[in-house]
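# Coordinate analysis (summary)
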Amino acid sequence: INTFAFSQSLLAAIEFPSSIVTISENAFYLSTALVNATFEDAYTSNLTTIGKAAFRQSGVTSFVFPPSVEQIGQNCFLNSTLISAEIMANSHLNSVSDKAFDAPNLVYFKMPADKVDIAKVGDIPETCIIYSYTYSPTSFPTNFPTSEPTIPTGQPSSMPTLDPTGIINPNL
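Everything quoted here is computed from the prediction, not taken from an experiment. (Residues numbered from 1 in each chain as written. Predicted model: local features only at pLDDT ≥ 70, side-chain atom pairs only at ≥ 80, totals over all residues. Heavy atoms only, no water.)

### A word on the packing of aromatic side chains
Under the criterion given, the structure shown has 14 aromatic pairs. Between the aromatic rings of F6 and F28, the centroid separation amounts to 5.2 Å while the plane-to-plane angle is 5 degrees, which identifies the pairing as stacked. In this pair, F6 sits in the segment before β1 (13-16) while F28 sits in the loop between β2 (22-23) and β3 (36-39), placing the two residues 22 residues apart along the sequence. Plain terms: the ring middles of F16 and F28 are 5.9 Å apart, the flat faces sit at 75 degrees to each other, and that makes the pair edge-to-face. Placement of the pair is F16 in strand β1 and F28 in the loop between β2 and β3, with a sequence separation of twelve residues. Each member of the pair, F16 together with F28, is buried. The rings of F6, F16, F28, F39, F55, F63, F65, F77, F101 and F109 are connected pair by pair, giving a single aromatic cluster. A cation over an aromatic ring shows up here: K110 above the ring of Y133, its NZ or CZ 5.5 Å from the ring centre. (Phe/Tyr/Trp six-rings, centres within 6.5 Å; stacked < 30°, edge-to-face > 60°. Helix = DSSP H or I, 4+ residues; strand = E, 2+ residues; numbered from the N terminus. Buried < 20%, exposed > 50% of the residue type's maximum accessible area, 1.4 Å probe, protein only. Lys NZ or Arg CZ within 6 Å of the ring centre and 35° of its normal.)

Scope: geometric values only; no functional claims are made or implied.
Printed below as a string of structure tokens:
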């Protein structure tokens, strides 16, 4: 996607095809109507580079970085409406430039533990919850139950009862 290709556009949503390799500098700069930016299939995405200020001051609220992404440019989401971000497991990310995630509304960031240093968490707002995890394809259980669990029916006697208005009423 070329430099300034969708800058200041009225586009509300975009789904990136797997064939996209680069989102260039300022590609969605000031695209305040753009709320949803997703991938056709993040696991088969060929996106490797997201350029400088690519989503700066955009309306994007959530972004999931496919494993193929290697570089995130300076000011990528600066002053955007980004609320949550995720770097997927098996990420090839090796470079995040300054203030890439300096979005004032960012409250949740999920990333593999081995990417915490690369992601420049110091540039992430202090109010943001950073969830890092360790991923290992061999750490998942292999002895799954062979039958479906039984779900109890009825209401337990210790549960409060709601009256028709939704207020807890101990007399019901």
